[in-house]
Amino acid sequence: MKTKHDWTGADALTDDQIHAAALADSDARALTPERLAGMQQTPRLKVIRRALGLTQEEFAARFQLSLGTLRDWEQGAKESDHAARAYLRAIAGDPDAVHCALHAVPRSG
């Protein structure tokens with residue numbers, strides 16, 4: 001396959017040379033277990049919603065979210081805060097339990 005780049009130089013490198021070049025590239029730091037553990041993993045709202053087969057309107061109503069906020073999160077116009085990310089992780093982990101908890105009748109004590 002012909003491309004606009006000449007790959008003959010790269011094709012001539014050994015695997016060890018390629019590995020050494022990658023390690024030397026300051027813009028391509030290796031993802032070590034320590035760096036991975038320190039990274040914040042944000043649930044992808046659109047992926048969660050689509051996996052549940054819900055429209056934005058249905059998801060917002062089911063989980064008592066503002067439709068505007070949900071749209072902003074999905075479009076990247078706004079970022080969810082820490083509590084919202086925790087809520088989305090709970091929804092992703094067990095959406096039925098979250099739905100039941102939201103609609104449970106409070107016990108009188």
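For the structure, check the block above.
Overview of the structure.

**What about the overall build of the chain?**
Line of reasoning, step 1. Counting its regular elements, the chain contains eight helices and zero strands.
Line of reasoning, step 2. Secondary structure elements of the chain, listed N to C terminal, follow the sequence α-α-α-α-α-α-α-α.
Line of reasoning, step 3. Here the C-alpha radius of gyration of the chain, 22 Å, is well above what a compact globule of 109 residues would show, namely 13 Å.
Line of reasoning, step 4. Each principal axis of the C-alpha distribution contributes one length, and for the chain these read about 75 × 35 × 25 Å.
Line of reasoning, step 5. The buried share of the chain, reckoned over its 109 residues, is 18%.
Line of reasoning, step 6. A total accessible area of about 8,700 Å² is found for the chain, and carbon and sulfur atoms account for 54% of it.
Line of reasoning, step 7. Charge-centre separation for the chain: the mean point of 14 positive side chains lies 8 Å from the mean point of 15 negative side chains.

**Section: the nonpolar core**
Line of reasoning, step 1. The biggest cluster of nonpolar side chains holds 13 residues, and the ones touching the most others in it are F59, F63 and I91.
Line of reasoning, step 2. Only α4 (45-51), α5 (56-62), α6 (67-75) and α7 (82-93) provide two or more residues apiece to this core.
Line of reasoning, step 3. Top element by residues in this core is α7. It accounts for three residues.
Line of reasoning, step 4. Once you skip the residues sitting within four places of it in the chain, F59 turns out to touch L45, I48, R49, L52, L54, L65, L70 and I91.

**Some remarks on the pattern of salt bridges**
Line of reasoning, step 1. Tallied over the full model, the rule gives five salt bridges.
Line of reasoning, step 2. In this structure, K78 engages D72 in a salt bridge whose closest nitrogen and oxygen atoms are separated by 3.9 Å.
Line of reasoning, step 3. R85 is the salt-bridge partner of E79, the closest N and O atoms lying 4.0 Å from each other.
Line of reasoning, step 4. A relative accessible area of 10% places R85 in the buried class.

About the thresholds
Residues numbered from 1 in each chain as written. Predicted model: local features only at pLDDT ≥ 70, side-chain atom pairs only at ≥ 80, totals over all residues. Heavy atoms only, no water. Helix = DSSP H or I, 4+ residues; strand = E, 2+ residues; numbered from the N terminus. Rg over C-alpha atoms; globule rule 2.2 N^0.38 Å. Buried < 20%, exposed > 50% of the residue type's maximum accessible area, 1.4 Å probe, protein only. Areas by Shrake-Rupley, 256 points an atom, 1.4 Å probe, with all protein chains shown as cover. Lys, Arg positive; Asp, Glu negative; His and termini not counted. Charge placed at Lys NZ, Arg CZ, Asp CG, Glu CD. Core = buried A, V, L, I, M, F, W, Y, C linked by side-chain atoms within 4.5 Å. Contact = heavy atoms within 4.5 Å. Salt bridge = Lys/Arg side-chain N within 4 Å of Asp/Glu carboxyl O.

Any functional reading would require information that these geometric values do not contain.
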